[in-house]
Amino acid sequence: CSAILLLLVSSDGFTTTTTTTTRRTRTNVPIGGSFVTHGNSYNGRVSSKTKLGATLQQESSSSSFVLTKDQVNPLVVLGEGGAKEKWINAFGVWVIFVSLITCPVWLVGMGLVHGTTSFLNQQQSNDNNKDNNNKQKQKQQQQQQWDPNGAIFDFTGKLWSRAWLAMNWSYPTVTGALQEIGERDGPCMYVANHASWLDIPVLCTILDPVFKFIAKGELSKIPCIGHQLVWGRHILIDRDDRRSQLRSFKEGIAWLKQGVPIMAFPEGTRSPDGRLMEFKGGVFSMAVRQKVPIVPISISNTHAVMPANALVPVQNGNKKLSIYVHPAIDTTDRTEAELSELVKSALLSKLPKDQHPLPDTENVTE
């Protein structure tokens, strides 16, 4: 149980957030719009499931699912009254139960895949060493390694994410330019808003077949998720260490050169209240360097399902959680500042009103 708790309290979303927004409070201000398909992946046809997802997203953009503390009705309050106060309610007890069942299975699965592929690659490496004079053959054999990009290994984490979300009635609705993921030819950089720990398993429901997270280095110490990041060779970064930043940049470039997309959160950290924050500098540098497109992804309402002051989700995400995949943004002849504005505009266009930044009060005139 302690391992699961460590997993869920990782990262830096410890700021206590107080809100008085009531659940599903309606507003007459239209934020979203009707769903429009992009590209040719559906030959002009929109399925009933996609129409339903678009309706749910439009509905969620004009309402808030955030709960007050009284509505959450916590059974346990850790660090009560402090800056790191954490809640667990009745639904959270169920989430912990599901985690205790599924995480050991995930860990065993990772171990089996990692051990098997490591053994097979070692055997292949030993065979290669017997023929040191044939460099061309060695190069070909290296390219034919078992699971060279970790796609099979990473799929264990995707299976866990999908099962865990489904068992917690929190599988997201997905709409938008879906061909940017399933039918993309070549690498890209995925970027998304970051409002909750829940964003990570939610993204794992759509990003196939393989991608690499840019994640904080301290996550490598967390059970299960640390194994996934380290054994899966994801990009770990320490933002306070210049050498770590340079190493992470080189790792990201290397993955893009191999045709593997990377996934980054431009805000650099989780938003304490779900509202989109300013982007960190240099976040798009890898995409600009390799001239790969950027695919923005709007994630809605994870901050309501698992807010910063909750140890685990406080409510299910059914008909609340949604993902919108935007058309790719070409990086050719564009500065990082221009790309930042384009990405921010795209993300906000499909986020609910309570995830938009608050107005700058210094610039508001009476």
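Given the structure is predicted, the values throughout are model-derived calculations rather than measurements.

Caption draft 1: Representation of the sheet that holds strand E6 (residues 189-192) within the structure. Judged by pairing direction, the sheet is mixed, and its seven strands sit side by side in the order E5-E11-E10-E6-E9-E7-E8 without closing on themselves. Of all strands in the sheet, those bounded by a partner on one side alone are strand E5 (173-176) and strand E8 (235-237). Averaged over all neighbouring strand pairs, the angle between strand axes comes to 25 degrees, with direction disregarded.

Caption draft 2: Just the nonpolar core, in detail. Formed by 46 residues in total, the largest nonpolar core has its most connected members in Leu 198, Leu 203, Leu 207, Phe 213, Met 263 and Ile 297. Going through the elements one at a time, helix H4 (90-129), helix H6 (151-167), E6, helix H8 (199-203), strand E7 (212-216), helix H9 (225-231), strand E10 (294-300) and strand E11 (322-325) are the ones with two or more residues in this core. When residues of this core are assigned to their parent elements, the largest contribution, eight residues, is made by H4. Once you skip the residues sitting within four places of it in the chain, Met 263 turns out to touch Tyr 190, Val 191, Ala 192, Leu 203, Leu 207, Phe 211, Lys 212, Phe 213 and Ile 214.

Caption draft 3: Molecular detail of a nonpolar patch on the surface. Together, Leu 75, Val 76, Leu 78 and Val 93 give the surface a local cluster of nonpolar side chains, amounting to about 340 Å² of exposed area. One can find Leu 78 in strand E3 (residues 76-78). Classification of Leu 78 as partly exposed rests on a relative accessible area of 39%.

Caption draft 4: Inspection of the packing of aromatic side chains at higher detail. A complete count under the given rule lists 10 aromatic pairs for this structure. Arranged with centres 5.5 Å apart and planes meeting at 40 degrees, the rings of Trp 94 and Phe 97 form a pair that is tilted. Placement of both Trp 94 and Phe 97 in helix H4 is noted, with a separation of three residues, approximately one turn of the helix. Looking at Trp 94, the relative accessible area reads 31%, which means it is partly exposed. Ring geometry for Trp 160 against Trp 164: centres 5.5 Å apart, planes inclined by 25 degrees, an arrangement best described as stacked. Of this pair, Trp 160 and Trp 164 both sit in helix H6, four residues apart, roughly one helical turn.

Caption draft 5: Examining the environment of Arg 270 more closely. As for its placement among the helices and strands, Arg 270 is situated in the loop between strand E9 (262-264) and helix H11 (285-290). When the C-alpha positions of Arg 270 and His 303 are compared, they lie 9.6 Å apart, and in sequence the two are 33 residues distant.

Caption draft 6: Seen up close, helix H13 (residues 336-349). With 14 residues, H13 should reach 20 Å at 1.5 Å per residue; the first-to-last C-alpha distance of 20 Å fits that figure. Of the positions making up H13, those classed as buried are Leu 339, Ser 340, Val 343, Lys 344, Ala 346, Leu 347 and Leu 348. Looking at the buried side of H13, the elements it contacts are E6, H11 and E10.

Caption draft 7: Representation of helix H10 (residues 242-257) in the model. With 16 residues, H10 extends 23 Å between its outermost C-alpha atoms, agreeing within 8% with the 22 Å of an ideal straight helix rising 1.5 Å per residue. For H10, the elements touching its buried residues are E7, E8, E9 and H11. If you check the start of H10, you find a side-chain oxygen 2.9 Å away from the backbone N of Arg 243, and it comes from Asp 241. Downstream of H10 by a residue or two, Gly 259 has a phi angle that is positive, lying close to 85 degrees.

Caption draft 8: Expanded view of the pairing of E11. Of the two faces of E11, the one lined by Ser 322 and Tyr 324 and the one lined by Ile 323 and Val 325 are each fully buried. Sheet topology note: the E5/E11 ladder contains four bridges and is parallel. Each residue of the ladder has a partner; that of Thr 173, found in E11, is Ser 322. In this structure, E10 lies alongside E11, joined through four bridges in antiparallel fashion.

Caption draft 9: A look at the pattern of salt bridges. Inspection of the entire model under this criterion finds six salt bridges. Among the salt bridges present, the one from Lys 69 reaches Glu 85, with a minimum N-O distance of 3.3 Å. Highlighted residues: Lys 69 in helix H3 (residues 69-72) and Glu 85 in the loop between E3 and strand E4 (86-88), separated in sequence by 16 residues. In this structure, Asp 154 and Lys 212 form a salt bridge, with 2.9 Å as the shortest nitrogen-oxygen distance. In this pair, Asp 154 is assigned in helix H6 and Lys 212 in strand E7, connecting sequence segments 58 residues apart. Classification of Lys 212 as buried rests on a relative accessible area of 0%. Linked by salt bridges that have partners in common, Lys 158, Arg 162 and Asp 208 make up one network.

Caption draft 10: Local environment of the confidence of the model for the protein chain. Taken residue by residue, the protein chain gives an average pLDDT of 81. The fraction at 70 or more is 77%. Below a pLDDT of 50 lies the segment residues 1-61, which in the model reaches 122 contacts outside its immediate sequence neighbourhood of four places, other chains included.

Caption draft 11: Spatial organisation of the environment of Ala 337. Tracing the sequence through the fold places Ala 337 in helix H13. Residue Ala 337 is classed as exposed on the basis of its relative accessible area, which comes to 52%. Sequence separation between Ala 337 and Phe 284 is 53 residues; the distance between their C-alpha atoms is 9.1 Å.

Caption draft 12: Fine view of the pairing of E7. Buried residues dominate E7, accounting for five of its five residues. Here E7 pairs with E9 via two bridges, running parallel. What sits directly across from Phe 213, in E9, is Met 263. Sheet analysis places E7 next to E8, joined by three bridges and oriented parallel. Bridge pairing in E8 places Lys 216 opposite Ile 237. Tracing the backbone out of E7, into H9 and back to the parallel element E8 gives a crossover that is right-handed.

What counts, and at which threshold
Residues numbered from 1 in each chain as written. Predicted model: local features only at pLDDT ≥ 70, side-chain atom pairs only at ≥ 80, totals over all residues. Heavy atoms only, no water. Pairing = 2+ DSSP bridges. Helix = DSSP H or I, 4+ residues; strand = E, 2+ residues; numbered from the N terminus. Axes fitted to C-alpha atoms, helices over the stretch in contact; angles between N-to-C directions. Core = buried A, V, L, I, M, F, W, Y, C linked by side-chain atoms within 4.5 Å. Buried < 20%, exposed > 50% of the residue type's maximum accessible area, 1.4 Å probe, protein only. Contact = heavy atoms within 4.5 Å. Patch = residues over 30% accessible without salt bridge, like charges linked within 9 Å, V, L, I, M, F, W, Y side chains within 5 Å. Areas by Shrake-Rupley, 256 points an atom, 1.4 Å probe, with all protein chains shown as cover. Salt bridge = Lys/Arg side-chain N within 4 Å of Asp/Glu carboxyl O. Phe/Tyr/Trp six-rings, centres within 6.5 Å; stacked < 30°, edge-to-face > 60°. Expected span 1.5 Å × (residues − 1). Polar contact = N/O pair within 3.5 Å; in protein donor to acceptor, adjacent residues only side chain to side chain. pLDDT = per-residue confidence, 0-100. Right-handed = clockwise from strand over helix to strand, strands pointing away.

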